[in-house]
Amino acid sequence: MSVTAPQGFRAAGVAAGLKSSGDPDVAVVVNDGPRSSAAAVFTSNRCKANPVLWSEQAIKGGSARAVVLNSGGANCYTGPDGFATTHATAETAAALLGIAPIEVQVASTGLIGLLNDRDGLLAGVRSAITSLDAEAGADAARAIMTTDTRPKQAVIEGAGYTIGAMAKGAGMLAPSLATMLVVVTTDAVLTPEECDAALRYATARSFDRLDSDGCQSTNDTVLLMASGASGVEPDLDELQVQLATLCRDLALQLLSDAEGADHDIAIDVVNAASEADALEVGRAVSRSALFKTAIFGRDPNWGRILASVGTTSAAFDPADLDVAINGVWVCRTSGPGEPREKVDLAPRSVTVTIDLKAGPAQGTIWTNDLTQAYVHENSAYSS
């Protein structure tokens, strides 16, 4: 189980014909309570999809009883008809569940500019709600997939409470957040304010540090719903850590399924003047096509790393930088270090360590290499 692991949740995933493949494409997750505390974070892209525009307003009350998600079409830049479809989705789900439309979050994923078939979508919503089940979390996780090759799910146990989650995402992975739909559920007793604080703490340390291809989506949504069904009021510091751990697990699942990738890369920036500096440096390297293609070609080209570091405003001495790739310090004091031949880039997992020698802070950005398969998949992914 994933989103239905905590007490008080049911889910469903069905095929509504939005995908030409006939695969499941509509998911519903319902919070049966007794509480309905919720919080969400959305893309910071100024160009937002209709479901994001709806959900941003609906979540302001700090309550969500249900979320309806569809794959097969992003419902972004689809005009008034597209927003009407989002509104109708919330109204249909609310009527069937006996709740208010404002208590329904809506999320979509797929091609931008594609107007979803409203009748088909609403029929899918009805079908999903009639088949809601506490054992159907995996069905919901499959229904939100697009170019994903596998569903992403996670569960973690706290002190008397459970957190579960599902996610989708395999491309356009860049903050904030990454092209993802994520639903997180917990049976802990939380207020809306506690949900919001915990979620923002967790996303800042997980999804916001995932930078696969530098492309930011219009539909990103991470939703946390708390049913309170366990009756446990958690230690909030512990809950934040647990939630961040779960979100990091999901983020790395997204990374490992990144479109066409051969290598999963952790860029660890150490001894920075501030965490912000560390993250800026890590992100600059993660977005370098030259660096990413070098890793794909199994070339430990540390010069491309230094070139990216130099584009940032971080504090460092350009003449005194160290770089290691998979534990081999190929660059010392901004010059050649250990022999490049000692670096083994055959394994999928790669770690790049950049020592700025400027302070006590550190930070990690996760990315992947750039392959011909990524170019092929994204050149073909259209109508």
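The structure under discussion appears in the preceding block.
Residues numbered from 1 in each chain as written. Predicted model: local features only at pLDDT ≥ 70, side-chain atom pairs only at ≥ 80, totals over all residues. Heavy atoms only, no water.

Details of the nonpolar core
Link 1 in the chain: Grouped together as the largest cluster of nonpolar side chains are 33 residues, with contacts concentrated most on Ile163, Val182, Val184, Phe207, Leu243, Leu246 and Leu250.
Link 2 in the chain: Of all the elements in the fold, those that place two or more residues in this core are strand E3 (37-42), strand E6 (152-157), strand E7 (162-168), strand E8 (181-186), helix H5 (192-204), strand E9 (221-226) and helix H6 (236-256).
Link 3 in the chain: At nine residues, H6 tops the list of elements feeding residues into this core.
Link 4 in the chain: Excluding residues that lie within four positions of it along the chain, Val182 makes contacts with Met166, Ala167, Phe207, Thr221, Val222, Leu223 and Leu250.
Link 5 in the chain: Of all hydrophobic cores here, the second largest spans 27 residues; its members include Ile295, Val309, Ala314 and Leu321. (Core = buried A, V, L, I, M, F, W, Y, C linked by side-chain atoms within 4.5 Å. Buried < 20%, exposed > 50% of the residue type's maximum accessible area, 1.4 Å probe, protein only. Helix = DSSP H or I, 4+ residues; strand = E, 2+ residues; numbered from the N terminus. Contact = heavy atoms within 4.5 Å.)

Overview of the pairing of strand E11 (residues 322-325)
Link 1 in the chain: Alternating residues of E11 divide into Asp322 and Ala324 and Val323 and Ile325, and every residue in both groups is buried.
Link 2 in the chain: Pairing analysis gives four bridges linking E11 to strand E14 (residues 349-355), with the strands arranged antiparallel. Bridge pairing in E14 places Ile325 opposite Val352.
Link 3 in the chain: Where E11 and strand E12 (residues 328-332) come together, two bridges link them in antiparallel fashion. Each bridged residue has a counterpart across the sheet, and for Ile325 the counterpart in E12 is Val328.
Link 4 in the chain: Joining the antiparallel neighbours E11 and E12 is a turn of two residues, in which Asn326 adopts a positive phi near 50°. (Pairing = 2+ DSSP bridges.)

Some thoughts on helix H3 (residues 118-130)
Because each turn of an α-helix spans 3.6 residues, side chains separated by three or four positions in sequence point in the same direction.
Link 1 in the chain: In this model, H3 (13 residues) spans 18 Å end to end at C-alpha, consistent with the 18 Å of a helix rising 1.5 Å per residue.
Link 2 in the chain: Those residues of H3 that fall on the buried side of the exposure criterion are Gly120, Leu121, Leu122, Gly124, Val125, Ala128 and Ile129.
Link 3 in the chain: In the core, the buried residues of H3 are packed alongside strand E1 (9-14), strand E2 (26-31), strand E4 (66-70) and helix H2 (79-97). (Expected span 1.5 Å × (residues − 1).)

Thoughts on the sheet that holds E4
Two strands in a sheet stick together by hydrogen bonds in their backbones, pointing the same way (parallel) or opposite ways (antiparallel).
Link 1 in the chain: Pairing is mixed across the open sheet formed by four strands, whose spatial order is E1-E2-E4-E5. Edge positions in the sheet fall to E1 and strand E5 (104-108), since each has one partner strand and no second. Geometrically, the sheet is characterised by an average inter-axis angle of 10° between neighbouring strands, direction not taken into account.
Link 2 in the chain: As defined by bridge partners, E1 adjoins E2 across six bridges and the pair is classed as antiparallel. Bridge pairing in E2 links Arg10 to Val30.
Link 3 in the chain: Along the sheet, H3 contacts E1, E2 and E4; its crossing angle with E2, the most-contacted strand, is approximately 45°. (Axes fitted to C-alpha atoms, helices over the stretch in contact; angles between N-to-C directions.)

What about the pattern of salt bridges?
Link 1 in the chain: For the structure shown, the criterion picks out 16 salt bridges.
Link 2 in the chain: Its salt-bridge partner being Asp257, residue Arg150 comes within 3.5 Å of it at the nearest N-O pair. Residue Arg150 is found in the loop between helix H4 (137-143) and E6, and its partner Asp257 is found in the loop between H6 and strand E10 (264-272); the two are separated by 107 residues along the sequence.
Link 3 in the chain: Under the relative-accessibility criterion, Arg150 is labelled partly exposed at 36%.
Link 4 in the chain: Residue classification places Asp257 among the buried positions, given a relative accessible area of 6%.
Link 5 in the chain: For Lys357, the salt bridge goes to Asp322, with nearest N and O atoms at 3.1 Å. On the criterion of sequence distance, the pair formed by Lys357 in the loop between E14 and strand E15 (361-368) and Asp322 in strand E11 is long-range, its members being 35 residues apart.
Link 6 in the chain: A relative accessible area of 36% places Lys357 in the partly exposed class. (Salt bridge = Lys/Arg side-chain N within 4 Å of Asp/Glu carboxyl O.)

A look at unusual backbone geometry
Link 1 in the chain: Omega for the bond connecting Gly33 with Pro34 falls within 30 degrees of zero, at 20°, which places this linkage in the cis form.
Link 2 in the chain: If you trace the backbone, Pro34 turns up in the loop between E2 and E3.
Link 3 in the chain: Here the phi dihedral of Arg298 falls at roughly 55°; this positive angle occurs in a residue that is not glycine.
Link 4 in the chain: Tracing the sequence through the fold places Arg298 in the loop between helix H8 (289-296) and helix H9 (302-309).
Link 5 in the chain: One non-glycine residue with positive phi stands out, namely Thr333, at about 50°.
Link 6 in the chain: Within the secondary structure layout, Thr333 lies in the loop between E12 and strand E13 (335-336).

Describing H6
Link 1 in the chain: Taking 1.5 Å of rise per residue, the 21 residues of H6 would be expected to cover 30 Å, and the 30 Å separating its terminal C-alpha atoms lies within 8% of that figure.
Link 2 in the chain: Looking at H6, one finds that the buried residues are Leu239, Gln240, Gln242, Leu243, Ala244, Leu246, Cys247, Leu250, Ala251, Gln253, Leu254 and Leu255.
Link 3 in the chain: Backbone nitrogen of Asp237 and a side-chain oxygen of the N-cap are separated by 3.2 Å at the start of H6; the cap is Asp235. (Polar contact = N/O pair within 3.5 Å; in protein donor to acceptor, adjacent residues only side chain to side chain.)

Observations regarding the sheet that holds E3
Link 1 in the chain: Taken in spatial order, the five strands line up as E3-E9-E8-E7-E6 in an open sheet, and their pairing is mixed. At either margin of the open sheet sits one strand with a lone partner, and together these are E3 and E6. Taking the axes of each pair of neighbouring strands and ignoring which way they run, one obtains an average angle of 10° across the sheet.
Link 2 in the chain: Pairing between E6 and E7: six bridges, direction antiparallel. Note that in E7 the partner of Ala154 across the bridge is Ala165.
Link 3 in the chain: Each of E6, E7, E8 and E9 is contacted by H6, which is oriented at about 160° to E6, the strand it contacts most.

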